[in-house]
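Now for the letters of each chain:
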Amino acid sequence: MRDPDDVPRDDLLTIGRFARLCRLSVKQLRHYDDTGLLTPARVDPATGYRYYAPHQARDALTVALLRELDVPLAVIGATLAAAEPERARLLRAERDRVAERITRDRARLELLERLADGGGLPGYEITSGREPQRRLVVVRAVAGPGELAERIGACVGRLLEGLDGTPWRPPLWGLFPLDLAEGMRIAIGAETAGTEQGAPAGLERETLPAGPALETVHHGPYAQLPFAYHALLAAVHERGLRPLAPVREAYLVGPGEAPAEEWTTRLVVRVAERAEEAA
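Keep in mind that what you see is a predicted model, and the values were worked out from it rather than measured.

K.L.:
Outline the sheet that holds strand 3 (residues 50–52), supporting the account with residue identities and numerical values.
P.N.:
With antiparallel pairing, the 3 strands of this open sheet are ordered in space as 1-3-2. Two strands in the sheet have a free side with no partner beyond their single neighbour: strand 1 (13–14) and strand 2 (42–43).

Quick look at the structure:
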């Protein structure tokens, strides 16, 4: 990047002319100066007027383009300051962030379309019973709500790799907190023979206590599981019960076994009377 001091003053552009040249507003240029994103070539010490060099137009146009693409200012600043290949890496990371957001938005759109087409929330049969104690070998991960699918897939891969040669009984189980939040701890596990032995290398043991529970079965893609959770947890509260973490998902039919519309997931939440302490 050229040094602005090398540009003769007669070649400098006023902020108004520069704004028109770069398809930005004067207000935007002032903001970018205040945040250090695009500093004028010269500021008149007496009047405070800002002046820009013609070669700054490329950076200004880049800022305008990336802002039009909703790239955060911090990422734009880092991109302008970086040289190749770091600049390409930053832009690819931003591309991946947008792709992830589009995926989440597409899932939300599908949920809204199902609600609109069906005239409301789909119905689920809620049953009560007693969930037995289960001894699992698990792998754990930390995830945010938007990362669940990716983290679950990675956990399944790690679990099956760790179980190689170890007999286990389907289905796989997912364990999740009651509240979906950033930094939540999740686990994917399986029941194995020899539950009193140590876990296979790279895996941990977890015992899920027995107790009264409510459950339902969801048929369809995982993106539509919020419908089942809505029905299940609403039933818990309507019956005066308290849900106990973790919520359990049993993957009865999943990817590779049937089309997404035929995936079958059993949701189980252990419950207690309101007056009881959590086990």
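Next comes the rest of the account.
K.L.:
Provide a residue-level description of helix 4 (residues 73–81), including the pertinent values.
P.N.:
When we look at burial in helix 4, the residues that qualify are Ile76, Thr79 and Leu80. All buried residues of helix 4 fall inside an arc of 95° around its axis, so they share one side. Facing away from the buried side of helix 4 by over 90 degrees, the exposed positions are Ala74 and Ala81.

K.L.:
Give me the sheet that holds strand 9 (residues 211–219): which residues, what numbers.
P.N.:
Strands pair in a sheet through their backbones, by hydrogen bonds, and they do so in one of two ways: parallel or antiparallel. Reading across the sheet, the 8 strands line up as 4-9-11-10-6-7-5-8 and stay open at both edges, with antiparallel pairing between neighbours. Two strands close off the open sheet at either side, each with one partner strand: strand 4 (127–131) and strand 8 (204–208). Strand-to-strand twist of the sheet, defined as the mean angle between neighbouring strand axes without regard to direction, takes the value 35°. As judged from the 9 bridges shared by strand 10 (residues 241–253) and strand 11 (residues 264–273), these two strands associate in the antiparallel manner. From the neighbouring strand, Tyr251 faces strand 11, where its bridge partner is Thr265. Across the sheet, helix 6 (residues 148–162) touches strand 5 (134–143), strand 6 (168–176) and strand 7 (184–192), and the angle it forms with strand 5 is around 135°.

K.L.:
Give a detailed account of the nonpolar core, specifying residues and quantitative values.
P.N.:
Grouped together as the largest cluster of nonpolar side chains are 34 residues, with contacts concentrated most on Leu159, Ile186 and Leu214. Broken down by secondary-structure element, the contributors of at least two residues to this core are strand 5, helix 6, strand 6, strand 7, helix 7 (225–238), strand 10 and strand 11. Take this core: its biggest share by element is 8 residues, from helix 7. Counting residues in hydrophobic clusters, the runner-up holds 19 residues, among them Ile15, Leu37, Ala57 and Ile76.

K.L.:
An account of the side chain of Asp33 is needed here, citing residue identities and associated values.
P.N.:
Mapped onto the elements of the fold, Asp33 is located in helix 2 (residues 26–34). In this structure Asp33 comes out as buried when scored by relative accessible area, which is 17%. Among the polar contacts made by the side chain of Asp33, one reaches the side chain of Arg50 at a distance of 2.7 Å. Each residue touching Asp33, except ones within four places of it in the same chain, is listed here: Leu38, Thr39, Pro40 and Arg50.

K.L.:
Break down the UniProt feature "domain: HTH merR-type" (unreviewed entry) in the chain for me, with residues and values.
P.N.:
Under the local residue numbering, the UniProt record ascribes the feature "domain: HTH merR-type" (unreviewed entry) to residues 12–82. For residues 12–82, the helix share is 54%, the strand share is 10%, and the end-to-end C-alpha distance is 25 Å.

K.L.:
Any chance you could break down the packing of helix 3 (residues 57–68) against helix 4 for me, citing the residues and the numbers?
P.N.:
Look at helix 3 against helix 4: their axes get within 10 Å of each other, and the N-to-C directions meet at 145°. Judged by the sense of rotation from one axis to the other, the crossing of helix 3 with helix 4 is right-handed. For the pair helix 3 and helix 4, the contacting residues are Asp59, Thr62, Val63, Leu66 and Arg67 in the first and Leu73, Ile76 and Leu80 in the second. The residue inventory of the contact of helix 3 with helix 4, partitioned by class, reads 5 nonpolar, 1 polar and 2 charged.

K.L.:
Can you explain the pattern of salt bridges? Please cite residues and give values.
P.N.:
Two side chains with opposite charge may pair up if their charged atoms get near one another. One pass over the structure, following the stated rule, counts 17 salt bridges. Note that Asp33 is salt-bridged to Arg50, the shortest N-O span being 2.7 Å. Here the residue Asp33 occupies a position in helix 2, and Arg50 occupies one in strand 3, the gap between them amounting to 17 residues. Arg97 is the salt-bridge partner of Glu94, the closest N and O atoms lying 2.3 Å from each other. Of this pair, Glu94 and Arg97 both sit in helix 5 (residues 86–118), separated by 3 residues, roughly a single helical turn. Residue class for Glu94 comes out buried when judged on its relative accessible area of 8%. The class for Arg97 is partly exposed, based on a relative accessible area of 34%. Three or more residues are tied together by salt bridges with common partners; here these are Glu131, Arg134, Arg169, Glu191, Glu215, Arg248 and Arg266.

The rules we used
Residues numbered from 1 in each chain as written. Predicted model: local features only at pLDDT ≥ 70, side-chain atom pairs only at ≥ 80, totals over all residues. Heavy atoms only, no water. Pairing = 2+ DSSP bridges. Helix = DSSP H or I, 4+ residues; strand = E, 2+ residues; numbered from the N terminus. Buried < 20%, exposed > 50% of the residue type's maximum accessible area, 1.4 Å probe, protein only. Arc of directions from axis to C-beta. Axes fitted to C-alpha atoms, helices over the stretch in contact; angles between N-to-C directions. Contact = heavy atoms within 4.5 Å. Core = buried A, V, L, I, M, F, W, Y, C linked by side-chain atoms within 4.5 Å. Polar contact = N/O pair within 3.5 Å; in protein donor to acceptor, adjacent residues only side chain to side chain. UniProt positions renumbered as here; feature names shortened; annotations may be inferred. Left-handed = near helix turned anticlockwise from the far one by under 90°. Nonpolar A, V, L, I, M, F, W, Y, C, P; charged D, E, K, R; others polar. Salt bridge = Lys/Arg side-chain N within 4 Å of Asp/Glu carboxyl O.

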